[in-house]
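# Examining the three-dimensional arrangement
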Amino acid sequence: PSDAQKSHSLQPDGKSIVAAGSWCPARNELANIRANLQRQAGADRLRQTISDPEFVSYFGEPHPAKDGSRQNIFGADDELKVAPKGVDKSHRDLDLLKCRSFAVVHRFTDTEVLQDDFAEKVGQVVQIMRPFVH
């Protein structure tokens, strides 16, 4: 995504995060992302990234959560209920194409934030999320 970015926030009560990607991109950017995903190489590249075991360890399983909570790039509030306009409902990458955002978020506990190696841990997470920032 061309407008992809990263963000961080340090807050008490387990609300410290680091995030990256394209959150609610504009219509044209979203159309470009989906067009790329409809080309097999684009979908395969994204699926390989979000399925990598190290990526999964920080951001969750590479599929929508049964309870609708956010995990990996998926989150029920940020997904279409049906196939996007012009996309066959049997498309093999429909789960990716239904996403309206392509971003990941990692949360840190207050205990983690207060550890001496916190900056190092943030650096590890940022390294893993690099494919979401261009």
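Here the structure is a predicted model, which means the values were calculated and not measured.

## What to know about the side chain of Glu 79
Of note, Glu 79 is situated in the loop between α3 (53–59) and α4 (94–97). Although Glu 79 is buried, it forms no salt bridge, and the closest oppositely charged side chain is Lys 98 at an N-O distance of 5.5 Å. Reaching out from Glu 79, the side chain makes a polar contact with the backbone nitrogen of Gly 75 at a distance of 2.8 Å. Not counting residues within four places of it along the chain, the set of residues in contact with Glu 79 comprises Pro 64, Phe 74, Lys 98, Cys 99 and Arg 100.

## Some thoughts on the pairing of strand β3 (residues 102–108)
The buried fraction of β3 is high, at five of seven residues. Relative to β3, strand β2 (residues 16–22) is paired through seven bridges, and the arrangement is antiparallel. Across the sheet, residue Val 18 finds its bridge partner in β3, namely His 106.

## As for the nonpolar core
Residues Leu 37, Leu 46, Ile 50, Ile 73, Leu 96, Phe 102 and Phe 132 are the most contacted members of the largest nonpolar core, which totals 25 residues. Elements supplying a minimum of two residues to this core: β2, α1 (27–38), α2 (40–51), α3, α4, β3 and α6 (118–128). Ignoring any residue separated from it by four or fewer positions in sequence, one finds Leu 46 in contact with Leu 37, Ile 73, Leu 96, Phe 102 and Phe 132.

## Describing the sheet that holds strand β1 (residues 5–9)
What the three strands build is an open sheet, ordered β1-β2-β3; its pairing is antiparallel. Since the sheet does not close on itself, it has two edges, and those belong to β1 and β3, each with one partner. Taking each pair of neighbouring strands and ignoring which way they run, the sheet shows an average axis angle of 10 degrees. Relative to β3, α6 is tilted by about 160 degrees, and along the sheet it contacts β2 and β3.

## Observations regarding the packing of aromatic side chains
The final tally for this structure, using the stated rule, is four aromatic pairs. When the ring of Phe 55 is compared with that of Phe 132, the centres are 5.7 Å apart and the planes differ by 20 degrees; the resulting orientation is stacked. Of this pair, Phe 55 sits in helix α3 while Phe 132 sits in the segment after α6; the two residues are 77 residues apart in sequence, bridging distant segments of the chain. Exposure remark for Phe 55: the relative accessible area of 1% places this residue in the buried category. Relative accessible area serves as the criterion here: at 4%, Phe 132 is assigned to the buried category. Here Phe 108 and Phe 118 contribute two aromatic rings whose centre-to-centre distance is 5.1 Å and whose plane-to-plane angle is 85 degrees, an arrangement assigned as edge-to-face. Of this pair, Phe 108 sits in strand β3 while Phe 118 sits in helix α6; the two residues are ten residues apart in sequence, bridging distant segments of the chain. The buried category is assigned to Phe 118, whose relative accessible area is 13%. Here the aromatic residues Phe 55, Tyr 58, Phe 59 and Phe 132 are joined through ring pairs into a cluster of three or more.

Thresholds, definitions, all that
Residues numbered from 1 in each chain as written. Predicted model: local features only at pLDDT ≥ 70, side-chain atom pairs only at ≥ 80, totals over all residues. Heavy atoms only, no water. Helix = DSSP H or I, 4+ residues; strand = E, 2+ residues; numbered from the N terminus. Buried < 20%, exposed > 50% of the residue type's maximum accessible area, 1.4 Å probe, protein only. Lys, Arg positive; Asp, Glu negative; His and termini not counted. Salt bridge = Lys/Arg side-chain N within 4 Å of Asp/Glu carboxyl O. Polar contact = N/O pair within 3.5 Å; in protein donor to acceptor, adjacent residues only side chain to side chain. Contact = heavy atoms within 4.5 Å. Pairing = 2+ DSSP bridges. Core = buried A, V, L, I, M, F, W, Y, C linked by side-chain atoms within 4.5 Å. Axes fitted to C-alpha atoms, helices over the stretch in contact; angles between N-to-C directions. Phe/Tyr/Trp six-rings, centres within 6.5 Å; stacked < 30°, edge-to-face > 60°.

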